[in-house]
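Listed below are the residues making up each chain.
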Amino acid sequence: MRRSRQQRQRRRAAFVVDSSNRRQGPSAAAAIVIRLLMMIIAGGCHHSVVRVGASTTTRRFAEVAGIIRPTSSSSQGRPFLPAFVAAPSLSHRLYSSHIARGFALLEEPPPPSSFHHHHRNHHHRRARHTSTIACRPPLRATTSIVARRMMTSSSSSSSIAEARGGDDAPPPSTIEISSSPMSSSSVNCDHRDYDRINAAKGLSGTSYEPSSFEPSIYRWWETSGCFDPDARQDDGVPYVLPMPPPNVTGRLHMGHAIFVALQDVLARFHRMRGRAVLWTPGTDHAGIATQLQVEKLIVAEGKRRGSDEEISAIRDDVTITSEDDRVEKLEKLVSRDDFLDRAWRYKEEQGGAITDQLRAGASADWTRERFTMDPDMSRGVVEAFVRLYDRGLIYRGTYMVNWSPGLMTAVSDLEVEYSEEEGRLYYFKYVVEDGGEGKGEVEGEGYIPVATTRPETIFGDTAVCVNPKDERYMHLIGKRVLVPMSSTNDEDGGSPRSIPVIADEYVDMEFGTGALKITPGHDVNDYELGKKYDLGVINVMNRDATMNEMCGSRYAGLDRFVAREKLWKDMEDAGLTIRVSPHVQRVPRSQRGGEVIEPMVSKQWFVKTEGMGAKALEAVKGGDIQIVPPRFEKVWYGWLTNIRDWCISRQLWWGHRIPVWYIGGADEEYIVARNEDEARLKAIEAGHPQDVMLRQEDDVLDTWFSSGLWPFATVGWPQDENNGDETSDLARFYPGTCLETGYDILFFWVARMVMLGIELTGVSPFKVIYLHGLVRAADGSKMSKTKGNVIDPLDTVYEYGADSLRYSLVTGVTPGQDIPLNMDKIAANKAFANKLWNCCKFVTDNALKGVDGEEMAALAVTGPMGKDEFEKLALPERYIISKCHELVESVTSDIEKYQLGVAGSKTRLYEGFGGGGDDAKTARRVLVYILDTSMRLLHPYMPFVTEQLWHHLPRAPKSDGVVANALMLADWPQMDDNVPLVRDEDSIATFECFQALTRSIRNARAEYNVEQGKKIGATVVASGQLKDAIEAEIKSLVMLAKLDPDQIAVLEAGSDEAKEAAAGDSAQLVVQDGVEAYLPLSGLIDVEKERQRLVKQSTKLAKEIEKLAARLNAKGFIDKAKPDVVVKARAELAELEDQASKVQASLAGLG
């Protein structure tokens, strides 16, 4: 059940923590240590990086379990870490001493040497969600180990474990560890005890090794039900993300990694904000790609596809006298049914690897995993076709299509890629019929010179076209010319075929010869001209791009490129050629197969897109759909304005067979129906007998047609349509919220989803289209195996961990911009995760060590800090809480606005942290609050390390209605945008002044080369609240700036004491308006020794200046030396003179 409104209100009200009844903390010394750590970062110190070596888990482990936890760019600036991470020497020494102890609460078994696919049983509350993807049997080797309870002799320690674990039951003393592919130390019992066992182990003696916990965490999330939309039982507006379905037989690459990373950020963020998040995963049947692979297997067996007609013809062929010959011929053919059986087997054997790889990174609801050829999905495809046909939006027609000879099917315009390639331009003669006189390159010759890049299509020419203004050919318009070599046909008794000379301004008089051969059957532009002038269409090629009988017996059966060479040679022999010249041309190639596409007129099924496109265009123009980034709106408008009808039929066998049945043996009369029974009923109603022969269309639908239904078919369309069930997935989760994908498939998929969604459901399928760029190599070039610059996400996860890859992919990027990725960026982000690990380890091993159970429970963060508690804090704590809340609101706003890269960078770049208060309990409260908030902010970007570490912090018990006490289900630091988080701008400004003062004194020490351990005196001059604040933090200033506590004073600006300090022999530091500091020179340096040093330096500089000046003034130097040498010498002289001037000023200052 979901919570009632009253329950939610009580839960929101409980967000404010009352700390008034807490007892005093242990010792002031502990508070000072914590304050020191917090203050050092505020003073601008740097911290060392502890590098962690690559994980030792096997490659297979990463492949099956680690996978896509994409991550994005290495950010510039200081990492976003609480102050306690950054303490340079002290924190490192303290945490290193604890590592030296090396105690472990739970012994880990060694990483398994091999892993196998885990059994994937996908069940849902409704039977229709059962996946048809084959499951693999599990292979598990279990090892029994003993988990020792955390400090069982210490009551305080056991209470810490309980506070961290959240559940009432203590961790078991003995557990079973499974070497399953999802976990190297996975706990049985559905892994639901993982968080408590993890907390009980502690962080002492551990290091950041992603492979040791990432798979186990994912298994715990999944088996606990954390990915279910109702995992939190909130009543917030659902947030729905349809996952772009990858090819079922594909393998993971960076394109998958980036979309999973970005979508997972959105899913985790909105889930933590209390929304029912449905992230629907699944795979596409990939009609062309899968068929290609199965075809290769068949060819390797020496076989090929055979149609039912061809197989029947062999069976009935009476000319085959030997049955052995008949059997041999039949064995070389693979029938449609046999081919589909092979395709399904191939899918079950090879398919699923991509989802196995995605599973460990994506918090998608795998119980709803879909496949585009699942029964329910197939039902939706058929329903969509029938409805569109009934509305007059699907028709069958003969038009020019892009024909792929290798795939033996039509492909869409979007599946054709053009490349600039070196070719040849062939010049030849079109002889004028009846000896007419034409003006060619040779005056008086009886031909029209024509140029073409494809001589083999001459057999399909139906006209020669010239520009009506071209004086060279005006007198030939209306006459007829003879098609070269057409006498090789048997038509017309072997005489050459003649075609007309027509005129149209479309012809470019400057290109080639100014005369254009028109081939309506094999050129898109010629096809349009042919329709304009009612020219015939001649197809001269077979489906495999061999020449057909229209070319005559001399060329029939030849490959088109072989025929080109032979035809040209024959034309040369016949004296019909002129010349051949090099020519760069745009060559259309199949995106999938790579072969040259052949424009060909063919009978296909089409979708009328003009009206549907107009609706999709208006959805964006009217604001119903938002495109991020907005610059792609112009591209959207341009494409949908000039859209052409969509050819949806494919001459394949793998896919959704078109639901059309032809009546009798011909294909002129047909019926569109949902199944054969319905088709027969319609045929009978149309007057046909009950036993009428029905033959289903052989073609299948374009893969993009079925995937275009993805947003609504995956949630129960059409079966739950208009059924009145408000709790159905279709009612709850459609329309979707955000479609995140690459800009490269904006028209392949996104536009078609919008068109089909609006047409079939009446509403836009989603509200936001978020487009990411392509992942490129570090230098911005396209990743290519040929170039050797491909970064394999599986290898990357294996070496650096999923979080590092995710963070590198997602942060510091702009929507729609390509993403340069290099290993340095990923390594830097692994180092960042390592710092986070060490930070938490230091806190748990030091700040929280020895804390009793009551305080530990009270430290659990259950909501934003309230105003009453905030106002009781000292300045540094108010400052750090204010900056933290400022960050929370900024990150929240950025993600809500889909500025994911900006928000992610902020989670790492936040710099301001301070300390304060002598009470260790208060310091611990702020420390845990900041660290906990940091984990929540960072979780969508680095989910694994934050979840692992969060278990070791004080946590409240699991709430009712939440399936697991997991960080991914915890509340976001700001749940209500209308309720601002508490902060104080005055505290921020005051503490930043204190930071600037600390930095100024530290910088002065460095400039005067003060010995590191020497303490110096200082007089600080300020006024009003600033003076009071600095006095309150004087101990921190003494510690951070290394001041002598007996020689420190804070004076009121304008007072006599302040004037006296200014007049003394001291170095003046101007911090900001109204704040200055004076450092006595006697404390900074030995005056006499400093004078001697400066005099020596001055003498040396004078000699160097004299030498260089003489060189520059030497006769001929300026004239003979190279200009850059002269410029460099003058620059060096100016530098030396500046140094000498500063030295003289310092000497003057010494008196």
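Computed from a predicted model, the values in this text were never measured in an experiment.

What the chain contains, in helices and strands, is 41 helices and 35 strands. Out of the 1151 residues in the chain, the part that is buried amounts to 57%. A sequence separation of at least 24 residues applies to 80% of the contacts in the chain between residues at least 6 apart. Carbon together with sulfur atoms contributes 50% to the accessible area of the chain, which is approximately 48,300 Å² in total.

The strand order across the open sheet built from four strands is β12-β11-β20-β22, with neighbouring strands paired in antiparallel fashion. What marks the edges here is a single partner per strand, and that holds for β12 (409-411) and β22 (646-647). Sheet analysis places strand β11 (residues 394-404) next to strand β20 (residues 598-607), joined by 10 bridges and oriented antiparallel. Counterpart to Y399 in the pairing with β20 is S602. Its contacts with the sheet put helix α16 (residues 524-532) on β11 and β20, and the angle it makes with β11 is roughly 140°.

Along the chain, Q995 falls in helix α34 (residues 985-1007). A relative accessible area of 7% places Q995 in the buried class. Engagement of the side chain of Q995 in a polar contact is seen with the side chain of Y879, the distance being 3.3 Å.

This part takes up the packing of aromatic side chains. As enumerated under the stated definition, the model contains 33 aromatic pairs in all. Ring geometry for Y389 and Y670: centres 6.4 Å apart, planes at 65°, overall edge-to-face. With Y389 in helix α15 (residues 375-390) and Y670 in strand β25 (residues 670-672), this pair connects stretches of sequence that are 281 residues apart. In this structure Y670 comes out as partly exposed when scored by relative accessible area, which is 22%. An aromatic cluster is built from F385, Y389, W605, Y662 and Y670, whose rings are joined through pairwise contacts. Just above the ring of W221 sits the side chain of R268; from NZ or CZ to the centre is 4.4 Å. We note R305 situated over the ring of W653; from NZ or CZ to the ring centre the distance is 4.9 Å.

To continue, consider a negative patch on the surface. The grouping of D308, E309, D337 and D341 at the surface amounts to a negative patch. Counting residues per element, the ones that place at least two in the negative patch are α11 (308-316) and α13 (336-350). Mapped onto the fold, D337 is located in helix α13. Using a relative accessible area of 58% as the deciding quantity, one classes D337 as exposed.

Moving on to the sheet that holds strand β21 (residues 626-628). Here three strands make up an open sheet; going across it, the order is β21-β29-β28 and the pairing parallel. In the strand order of this sheet, the two ends are held by β21 and β28 (738-742), each with one partner. Between one strand and the next, the sheet's axes are offset by a mean angle of 20°, whatever the strand orientation. By the bridge criterion, three bridges tie β21 to strand β29 (residues 768-772) in an arrangement that is parallel. Bridge pairing in β29 places V628 opposite Y770. Those strands touched by helix α24 (residues 746-761) are β28 and β29, and its axis lies near 165° from that of β28.

This part takes up the pairing of strand β32 (residues 1016-1022). Of all the seven residues making up β32, seven are buried; the element is thus mostly covered by neighbouring parts of the structure. Residues I1016, A1018, V1020 and A1022 point to one face of β32 and G1017, T1019 and V1021 to the other, with burial holding for every one of them. Both β32 and strand β35 (residues 1075-1080) contribute to a ladder of three bridges, which runs antiparallel. Directly across from V1020, in β35, lies its bridge partner A1077.

Taken as a whole and judged by the stated rule, the model has 54 salt bridges. Among the salt bridges present, the one from D413 reaches R644, with a minimum N-O distance of 3.4 Å. Linking D413 in the loop between β12 and β13 (416-432) with R644 in the loop between α19 (632-641) and β22, this pair joins segments that are 231 residues apart in sequence. Classification of D413 by relative accessible area gives partly exposed; the value is 43%. With a closest N to O distance of 3.5 Å, E678 and K682 form a salt bridge.

So, about the packing of helix α26 (residues 802-810) against helix α27 (residues 823-847). Two measures define how a pair of helices packs: the angle their axes make with one another and the distance between the axes. Remark: α26 packs on α27, axes separated minimally by 8 Å, with the N-to-C direction vectors making an angle of 120°. Considered as vectors, α26 and α27 are oriented oblique to each other. α26 and α27 meet at a crossing whose hand is right-handed. The residues of α27 that touch α26, namely those facing S804, L805, Y807 and S808, are K825, I826, N829, K830 and F832. Of the residues belonging to the contact of α26 with α27, the class tally is four nonpolar, three polar and two charged.

Each value, and the rule that gives it
- Residues numbered from 1 in each chain as written.
- Predicted model: local features only at pLDDT ≥ 70, side-chain atom pairs only at ≥ 80, totals over all residues.
- Heavy atoms only, no water.
- Helix = DSSP H or I, 4+ residues; strand = E, 2+ residues; numbered from the N terminus.
- Buried < 20%, exposed > 50% of the residue type's maximum accessible area, 1.4 Å probe, protein only.
- Contact = heavy atoms within 4.5 Å.
- Areas by Shrake-Rupley, 256 points an atom, 1.4 Å probe, with all protein chains shown as cover.
- Pairing = 2+ DSSP bridges.
- Axes fitted to C-alpha atoms, helices over the stretch in contact; angles between N-to-C directions.
- Polar contact = N/O pair within 3.5 Å; in protein donor to acceptor, adjacent residues only side chain to side chain.
- Phe/Tyr/Trp six-rings, centres within 6.5 Å; stacked < 30°, edge-to-face > 60°.
- Lys NZ or Arg CZ within 6 Å of the ring centre and 35° of its normal.
- Patch = residues over 30% accessible without salt bridge, like charges linked within 9 Å, V, L, I, M, F, W, Y side chains within 5 Å.
- Salt bridge = Lys/Arg side-chain N within 4 Å of Asp/Glu carboxyl O.
- Lys, Arg positive; Asp, Glu negative; His and termini not counted.
- Charge placed at Lys NZ, Arg CZ, Asp CG, Glu CD.
- Parallel < 35°, antiparallel > 145°, perpendicular 65-115°, else oblique.
- Left-handed = near helix turned anticlockwise from the far one by under 90°.
- Nonpolar A, V, L, I, M, F, W, Y, C, P; charged D, E, K, R; others polar.

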